[in-house]
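Architecture at a glance
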Amino acid sequence: MLEILTGAEAGKGTTTNFKFIAVAPDGKERECFHVDNLTSMAGLVLPVAARLEPGAIHERRFPLNKIVCVENRSDITFDRLLKRGYSLRVSLEGDAKAAQSARLSQAWIGKVVSVDLAPPE
């Protein structure tokens, strides 16, 4: 079994370690964030990990209107960028230092990156 550190939980909510990149039709990229990551993390912070047996799948869903990019000094949600032809790339990275801090016994260390995700045309 592997433990994949996917975020952290504190009194007011859960943050995610996933990174979101919006890719414009011309190939330009911009980093986005999930609105839950704006949660203040004071007090006790607990790791959130997915525990997977070999060959198992863990699925996470993120509403597109909760993924936010900054454009011209204002926020725009990814569901609006999607209508402009943008795609989304999602990644997750596990490193030894974070795994040790989270006290994971069988931590996954590595990086996984999705293909550019967009609805079918």
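From a predicted model like this one, the values you see are computed outputs, not experimental measurements. (Residues numbered from 1 in each chain as written. Predicted model: local features only at pLDDT ≥ 70, side-chain atom pairs only at ≥ 80, totals over all residues. Heavy atoms only, no water.)

**A few points about the packing of aromatic side chains**
Applying the stated criterion to the full structure yields 2 aromatic pairs. Ring centres of F18 and F62 lie 5.3 Å apart, and the angle between their planes is 65 degrees; this geometry places the pair in the edge-to-face category. Of this pair, F18 sits in the loop between β2 (13-16) and β3 (19-23) while F62 sits in the loop between β5 (46-52) and β6 (67-71); the two residues are 44 residues apart in sequence, bridging distant segments of the chain. A relative accessible area of 15% places F18 in the buried class. Looking at F62, the relative accessible area reads 18%, which means it is buried. Ring geometry for F20 versus F62: centroids 5.1 Å apart, planes at 80 degrees, classification edge-to-face. In this pair, F20 is assigned in strand β3 and F62 in the loop between β5 and β6, connecting sequence segments 42 residues apart. Residue classification places F20 among the buried residues on the basis of a relative accessible area of 1%. (Phe/Tyr/Trp six-rings, centres within 6.5 Å; stacked < 30°, edge-to-face > 60°. Helix = DSSP H or I, 4+ residues; strand = E, 2+ residues; numbered from the N terminus. Buried < 20%, exposed > 50% of the residue type's maximum accessible area, 1.4 Å probe, protein only.)

**Focus on the side chain of H34**
Topologically, H34 is positioned in strand β4 (residues 29-34). The contacts of H34, once residues within four sequence positions are left out, are T16, F20, F62, P63, K66 and I67. (Contact = heavy atoms within 4.5 Å.)

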